[in-house]
Amino acid sequence: MSPARAASPSLLVGGLAVATTVSWGILFYAFALFMEPMRAELGWSKTALQGAVSLGLLAAGIAAVPVGAWIDRRGGALVTSAGASLGAAMVLAWANVGSYPVFLAIFLAIGVAQAATLYEPVFAIVTANVADYKRGIILVSFVGGFASTIFLPLSHWLIETQGWRSALVVLAGIQFVFAALVFMVSAKGTRGSLQARAAEAESGPPFRLASVFGRRAFQALVVVFFGYGLMWAAITFHLVPLLSERGVPLADIVL
């Protein structure tokens, strides 16, 4: 256990649920509503805008490896709060963007922030620090399911009333207060899964990640999750512009 004292299981799970829900809503879902106003002002194509998002998702996948290793060894407080703070800073930078190369760099960094704040790191923290971790993961998943329900209407309202740049400034503030600071408080003192295994002193040979790669079940899961992720991301980021092109009002799309 790290020198700092960990939060109670209820505070830990509740805080992580709130913080990852905010991060999902702002760093992932909200982008779909900003495409059209950005195209109108900056003249960038849908391909260019979606390309930046794709680059960010690639960065998230690559960054997930060192993020997971850090959480395994040192717990999740620093990496999640730093990732959420990075996300807030990049959303603020996004609000002031005018150059496409800068936009690409911003979404590369947002991808790193996603790797540190979305479900996967949170599940790892819960598993290593909560006795009834399955119940904890279910609770985080349930609360996180409201991310799009909350942040799509909120983002739409902000864009309509303040413009897309000011809307991003507001979302950056929400990301810092309700994700970065909440991660910092709730995940303080958490241990990593390697520390948890050592504390439990389990018998048997040590775990080796390489031994998993050759298993057919693991390979099948990789294929399934890749297909699911491809379909889900395509629907999430393309549904709004596709329906808009067919004359569906944006308020109806958000609903």
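Residues numbered from 1 in each chain as written. Predicted model: local features only at pLDDT ≥ 70, side-chain atom pairs only at ≥ 80, totals over all residues. Heavy atoms only, no water.

**As for the overall build of the chain**
Secondary structure summary: the chain contains 13 helices and zero strands in total. The N-to-C order of helical and strand elements in the chain reads α-α-α-α-α-α-α-α-α-α-α-α-α. Taking 255 residues into account, the globule formula puts the C-alpha radius of gyration at 18 Å, and the chain, at 19 Å, falls close to it. Projected onto its principal axes, the C-alpha positions of the chain cover 60 × 40 × 35 Å. Across the 255 residues that make up the chain, the buried fraction comes to 41%. Partitioning the intrachain contacts of the chain with sequence separation of at least 6 by distance along the chain shows that 81% fall at a separation of at least 24. A total of about 13100 Å² of accessible surface is found on the chain, and carbon and sulfur atoms cover 69% of it. (Helix = DSSP H or I, 4+ residues; strand = E, 2+ residues; numbered from the N terminus. Rg over C-alpha atoms; globule rule 2.2 N^0.38 Å. Buried < 20%, exposed > 50% of the residue type's maximum accessible area, 1.4 Å probe, protein only. Contact = heavy atoms within 4.5 Å. Areas by Shrake-Rupley, 256 points an atom, 1.4 Å probe, with all protein chains shown as cover.)

**Considerations on the environment of valine 53**
Relative to the elements of secondary structure, valine 53 occurs in helix 3 (residues 46-74). The spacing of valine 53 and isoleucine 110 is 57 residues in sequence and 9.1 Å in space, taken between C-alpha atoms. Contact partners of valine 53, with chain neighbours within four places excluded, come to Phe31, Phe107 and Phe237.

**With respect to the packing of aromatic side chains**
Tallied over the full model, the rule gives 22 aromatic pairs. With a centroid separation of 6.1 Å and 40 degrees between ring planes, the pair formed by tryptophan 24 and tyrosine 29 is classed as tilted. The same class applies to tryptophan 24 and to tyrosine 29, which are both buried. Plain terms: the ring middles of tryptophan 44 and tyrosine 100 are 5.4 Å apart, the flat faces sit at 75 degrees to each other, and that makes the pair edge-to-face. (Phe/Tyr/Trp six-rings, centres within 6.5 Å; stacked < 30°, edge-to-face > 60°.)

**Considering the nonpolar core**
Judged by nonpolar contacts, the single largest core of 67 residues is most densely connected at Phe31, Phe34, Met38, Trp94, Phe103, Phe107 and Leu171. In this view, phenylalanine 103 contacts Phe31, Met38, Trp44, Leu49, Ala52, Trp94 and Val97; residues no more than four positions away in its chain are not counted. (Core = buried A, V, L, I, M, F, W, Y, C linked by side-chain atoms within 4.5 Å.)

**Brief notes about the pattern of salt bridges**
Counting across every chain of the model gives three salt bridges. Between arginine 165 and glutamate 41 there is a salt bridge; the shortest N-O distance is 2.9 Å. On the criterion of sequence distance, the pair formed by arginine 165 in helix 9 (residues 164-186) and glutamate 41 in helix 2 (residues 31-42) is long-range, its members being 124 residues apart. Classification of arginine 165 by relative accessible area gives partly exposed; the value is 24%. Since its relative accessible area comes to 46%, glutamate 41 is described here as partly exposed. With its nearest N and O atoms 2.4 Å apart, the salt bridge here joins glutamate 245 to lysine 46. With glutamate 245 in helix 12 (residues 216-245) and lysine 46 in helix 3, the pair connects residues that are 199 residues apart, well separated along the chain. (Salt bridge = Lys/Arg side-chain N within 4 Å of Asp/Glu carboxyl O.)

**Thoughts on the side chain of histidine 156**
In this fold, histidine 156 is placed in helix 8 (residues 147-162). Excluding residues within four positions of it along the chain, histidine 156 makes contact with Leu33, Leu250, Ala251 and Val254.

**Comments concerning the packing of helix 2 against helix 9**
Angle between the axes and distance between the axes: these two values describe a pair of packed helices. The N-to-C vectors of helix 2 and helix 9 enclose an angle of 135 degrees; their axes lie 10 Å apart at closest approach. Taken together, the axes of helix 2 and helix 9 lie oblique to each other. Contacts between helix 2 and helix 9 pair Phe34, Pro37, Met38, Glu41 and Leu42 from the former with Trp164, Arg165, Ala167, Leu168 and Leu171 from the latter. (Axes fitted to C-alpha atoms, helices over the stretch in contact; angles between N-to-C directions. Parallel < 35°, antiparallel > 145°, perpendicular 65-115°, else oblique.)

**A word on the side chain of serine 155**
Examined against the element boundaries, serine 155 turns out to sit in helix 8. Residue serine 155 is classed as buried on the basis of its relative accessible area of 0%. A distance of 2.6 Å separates a polar side-chain atom of serine 155 from the backbone oxygen of phenylalanine 151. (Polar contact = N/O pair within 3.5 Å; in protein donor to acceptor, adjacent residues only side chain to side chain.)

**Observations concerning a nonpolar patch on the surface**
A surface patch of nonpolar side chains, about 590 Å² in accessible area, is lined by Val18, Phe176, Val177, Phe178, Leu181, Met184 and Val185. Within the element layout of this structure, phenylalanine 176 appears in helix 9. The class for phenylalanine 176 is partly exposed, based on a relative accessible area of 38%. (Patch = residues over 30% accessible without salt bridge, like charges linked within 9 Å, V, L, I, M, F, W, Y side chains within 5 Å.)

Structural measurements only, silent on function.
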